Every structure is written in C-alpha cells, then in structure tokens.
Amino acid sequence: MVIEIAGTGRAIPPERISNQDLAEQIDTSDEWIRSHTGIEARHIAPPHVSTSDLAVEAAWESLKFAVARAEVEEPGPEELARTLDLIVVGSTTQDYYGCPSTACLVQHRLGAQKAAAMDITAACSSFIYCLETAAALILADRRRKRALVIGAETLSRVANWNDRGTCVLFGDGAGAVLLEKRDYPEENSGGAGPGRSRGLLRTILGADGSGWEHLIIRRGGSREPWKSGETVDIPPHVEMNGHAVYNFAVKVITETMAQLMEEESLAIQDIARIVPHQANARIIQAAGKRLKIPEEKFYLNMGEYANTSAASIPIALDELNRSGQVQKGDLIITVGFGGGLTYGGNLIRW
Ligand code: UT7
C-alpha cells in the first residue's frame, strides 16, 4: 500500500501588498526586505475572509484537479468530497480559538459527511506534520482511503503592523493536497531508491520545546488569558526572536535534508526538487551551501507570497504540479521549521 498525492490546490487572496506599499506605512524599505529575506510582496485576505475560507477554496481546487486529471473515478469534486475519510488542517490562525477546529468548518462546507476532521498546530512545520499524520491514519485502517491535507493561514490577523521586524515577513494563503491509498502489488513498498515505492515514502518530525518563547503569540491562552475589563491595545500578535529562529532553522533544515538523503541512500542528483518552508531565502541558501546543494534545486516563491507558515509548502507543491515542473516518478523533499520550535521533512515520490 502506498499513499499518493492525487490532487493539489491553492488559494491566494487577490490583494497584493508590495514592499514599497509597506514602506509607505512603516519604517522599512524594499531594499532591506529583499536583501534580508528575498520577499518582494505578500497577499492579504480581506476582512471578511477567514482561514477556513481560504482552506475551502484550496480544497475545492485540489479536488477539481484530481477529477480533471482522472486521478479518481468520481465524476465531480462534490462526489469526491463525499468519499473523504479524513480532513487535517494545519494552521496557527484557526477561525476560532480552540473550538471548533477549522477542519470541522472545512468538512461542513465541502459536504464531506463521512470525514473525520482535526487541526494540527506545529506552526510553520504544520503541513509536514499533517501529511505524515494523515498518511498514517489512512494506512492504519483498511476502510480508510482518502484524506485531504490543508495548510491555511491568515497571518495578517496576528501580525503586529507596528513591528517592522516581523510584520514584513508574513502573508495569507492556503494550499491543499488530496492523499489516496493505492495498492501497487508489483511495487516494493520499502525504501526510496530509484524505481522503488511511490507516494509519501518517509517523514522526519522533530521539536525543541526549549525554544518555545522564540516564536510566540503570547496572550489569550491559559497562561496569559485576557481578563475581563482589560483594554486590548494590540490584538494577539506574533513576537519573534529572529536570530534564534534563523540559527535553529539553518541547523535543522540542513540536518533533516542530510538525514533523509543518507538514510534513504539518495544523492542530490536523485532529488528532482526540494520544497522548503518559504520563510527567508537566506536560510535556504545557508543550508544549501552547507550541503553543497545547487540553489536551483530549491523551489522558492517567498518573493511573491512571503511567509504563509503552514500554507507555504502546499502552495509551492501546487505551483510545481500545475506548471508541470514535477512529473510522476520525481523524488521531492519538503523541509521546514517553525514555532515550537518544530521542524521536519517529507520524502515523496510524485
Ligand atoms: O516561519 C518561521 C518564521 N521566522 C523566521 O523565519 C525568522 C528567521 N529570522 C530571520 O529571517 C531574520 O532574523 C530576520 C529577517 C527576521 C531579520 O534579519 P536580520 O538580518 O537578522 O536583521 P536584524 O534583526 O539583525 O536587524 C538588523 C537591522 C536592525 O537595525 P540596527 O539595530 O542594526 O540599527 C533592525 O532594527 O535591521 C533593522 N530592521 C529593519 N530595517 C528595515 C529589522 N527589520 C527591519 C525592516 N526594515 N523591516
């Protein structure tokens, strides 16, 4: 049994805010943002659009894609949605605090009546965690076959627009992948070497909770709840120790890529594309340099979308898939890091 990606989709809010637009409002510059991060613009959801709205749009796109490419037998996306066994949403900016999960809102809007639904919070590593969780759950029961895995964020709602050190980094968006369990009796389901098994082959997940304070939305939880009568000067917002996250990121993504390739006996030439979490081009260049990976192996789109946290990897996968830049049989590595601190990587044969 293998777990394959049968469809991908994305949702990007139309409003595009360039670095120059931001520089007209806060003390920053296009030059600083570009040279320190590789970011040129970000897309921001209008006030009436929430994380679940973006998640639902990306989900429909992934289902339509699977139908259009005849990856499934169902005649339309609605019929396909009704067959889903599981919906997992990765997000740091869920529609509601704690309850209900964003995944339940998505399940309702898709009409996916038989799907179990849950959110996973591993900050920017969420999609990598979600993919492994969803794959494991559909493999665990022979009656389960299909899962929708979504990364969706409205980070503009938790950015502190007066803090130039963080607000310039983030954007809104969502990406989705449809996972399907398939049986290829002729294929060997162990190992990732050329010509061997397909789909999601291997995942590394990790965390270093000692860095919990380096990337944090401090107020509103059980540790520091809002108190009645309290005046809210700034809504819940991201605080970040940029240097600590940067150093952690370079270290863990280097180690994760190296471990995936070493343990699966892969050379860099075997990998078609590496899809990193799109936080900062300098982080990726630094890790690439350490492992002597040519820059063009990495797919980067933070220039257009900035850091969309849980959504960044599935958005990138959808762009690669729709533009034909990945082909069936290609080996792909995803790799990411984020608040928690968390990290991880997936090895996928497309
Ligand atoms: O998904 C995980 C999300 N987090 C990350 O990926 C963050 C990882 N960290 C980083 O990407 C980098 O640390 C940053 C991009 C956040 C910052 O880059 P840096 O090269 O580490 O800059 P810095 O914080 O050392 O700041 C250098 C200077 C400071 O000025 P002084 O003190 O040298 O005068 C900052 O005040 O740049 C200033 N600065 C800015 N200037 C213009 C910080 N932000 C800005 C800004 N525009 N937006």
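Counting starts from 1 at the beginning of each chain's written sequence and moves along it residue by residue. For a predicted model such as this one, the threshold for reporting local features is a pLDDT of at least 70, and the threshold for listing and counting side-chain atom pairs is 80 or more; totals across whole chains, interfaces and linings nevertheless cover every residue. Water and hydrogen atoms were dropped before computing side-chain values, which therefore reflect all heavy atoms in the structure.

**Some details on the site of the ligand**
Inference 1: The cutoff for a nearby residue is simple: one of its non-hydrogen atoms must lie within 4 Å of the molecule or strand. In the neighbourhood of the ligand, 22 residues make up the surrounding shell, with Thr28, Cys124, His243, His277 and Asn280 lying closest.
Inference 2: Identification of polar contacts relies on pairs of N or O atoms within 3.5 Å, with a donor-acceptor requirement for protein atoms, meaning one able to donate a hydrogen and the other able to accept it, and with residues adjacent in sequence counted only if both atoms are side-chain atoms. The side chain of Trp32 places a nitrogen or oxygen atom 3.1 Å from an oxygen atom of the ligand.
Inference 3: When the ligand is considered free in solution it has 950 Å² of accessible area, and contact with the protein chains removes 72% of it.
Inference 4: The set of elements that each furnish at least two residues to the shell around the ligand consists of α2 (30-37), α7 (164-167), α8 (242-263) and α9 (281-291).
Inference 5: For the shell around the ligand, the element with the most residues is α8, which contributes four residues.
Inference 6: Under the scheme applied, nonpolar residues are Ala, Val, Leu, Ile, Met, Phe, Trp, Tyr, Cys and Pro; charged residues are Asp, Glu, Lys and Arg; polar residues are all the others, including Gly. Residues of the shell around the ligand, tallied by class, amount to ten nonpolar, nine polar and three charged. Areas reported as accessible are Shrake-Rupley estimates using a 1.4 Å probe. Residue values count occlusion only from the protein chains shown. Strands are runs of DSSP state E lasting at least 2 residues, helices are runs of H or I lasting at least 4, and numbering of each runs from the N terminus.

**Looking at the packing of helix α3 (residues 51-68) against helix α5 (residues 102-110)**
Inference 1: Throughout, an axis means a line fitted to C-alpha atoms (over the contacting stretch in the case of helices), and angles, computed between N-to-C directions, take values from 0 to 180 degrees. Relative to each other, α3 and α5 sit at 50 degrees, their axes nearing to 9 Å. Here α3 lies oblique to α5, going by the angle between them. Regarding α3 and α5, the two cross each other, and that crossing is right-handed. Along the contact surface, α3 presents Thr51, Ser52, Asp53, Ala55, Val56, Ala59 and Trp60, while α5 presents Thr102, Leu105, Val106, Arg109 and Leu110.
Inference 2: Of the residues in the contact of α3 with α5, the class split is seven nonpolar, three polar and two charged. Comment on the angle field: the value is read as roughly parallel under 35 degrees, roughly antiparallel over 145, roughly perpendicular from 65 to 115, and oblique elsewhere. Here is the rule for handedness: rotate from the far helix to the near one, and if that takes an anticlockwise turn smaller than a right angle the crossing is left-handed, while a clockwise turn gives right-handed. Residues count as neighbours in contact if any of their non-hydrogen atoms are within 4.5 Å of one another.

**So, helix α6 (residues 126-140)**
Inference 1: The first and last C-alpha atoms of α6 sit 21 Å apart over 15 residues, in line with the 21 Å expected at 1.5 Å per residue.
Inference 2: Type-normalised accessible area, obtained with a 1.4 Å probe on protein chains alone, sets the label of each residue: buried when under 20%, exposed when over 50%, and partly exposed for intermediate values. Residues of α6 that are buried include every one of Ser126, Phe127, Ile128, Tyr129, Cys130, Leu131, Ala134, Ala135 and Ile138, and no others. Helix span, expected: 1.5 Å multiplied by one less than the number of residues in the helix.

**Some remarks on the packing of α8 against α9**
Inference 1: The geometry of α8 relative to α9 is characterised by a closest axis approach of 9 Å and an angle of 45 degrees between their N-to-C directions. If you check the angle between α8 and α9, you find them oblique. Viewed along their axes, α8 and α9 form a crossing whose handedness is right-handed. Residues Tyr246, Ala249, Val250, Lys251, Ile253, Thr254, Met257 and Ala258 of α8 touch α9, and the partners they reach there are Arg282, Ile283, Ile284, Ala286, Ala287, Arg290 and Leu291.
Inference 2: Split into classes, the residues belonging to the contact of α8 with α9 amount to eleven nonpolar, one polar and three charged.

**Considerations on α9**
Inference 1: The complete set of buried residues in α9 reads Ala281, Ile283, Ile284, Ala287 and Gly288. Relative to the axis of α9, the buried residues are bounded by an arc of 160 degrees and lie together on one face. Exposed residues on α9 whose side chains face more than 90 degrees from its buried face are Lys289 and Arg290.
Inference 2: Those residues of α9 that are buried lie in contact with α2, α8, β11 (273-276), α10 (302-305) and β12 (331-338).
Inference 3: Sitting at the amino-terminal end of α9 is Asn280, which places a side-chain oxygen 2.8 Å from the backbone nitrogen of Arg282.
Inference 4: Following α9 by one or two positions, Lys292 adopts a phi angle in the positive range, close to 55 degrees. Throughout, the arc means the angular range of directions from the helix axis out to the C-beta atoms.

**Describing the sheet that holds β11**
Inference 1: Taken in spatial order, the four strands line up as β8-β13-β12-β11 in an open sheet, and their pairing is mixed. Bordering the open sheet on either side are β8 (199-207) and β11, each of which pairs with just one other strand. Each strand axis lies, on average, 15 degrees off the axis of its neighbour in the sheet, ignoring direction.
Inference 2: We treat two strands as partners when DSSP finds at least two bridges between them. Relative to strand β13 (residues 342-349), β8 runs antiparallel, the two sharing eight bridges. Looking at the pairing, Ala207 lines up with Thr342 of β13.
Inference 3: Of the strands in this sheet, β8, β11, β12 and β13 touch α8, which is tilted by about 150 degrees from β12.
Inference 4: Running at roughly 145 degrees to β11, helix α11 (residues 312-322) makes contact with β11 and β12 of the sheet.

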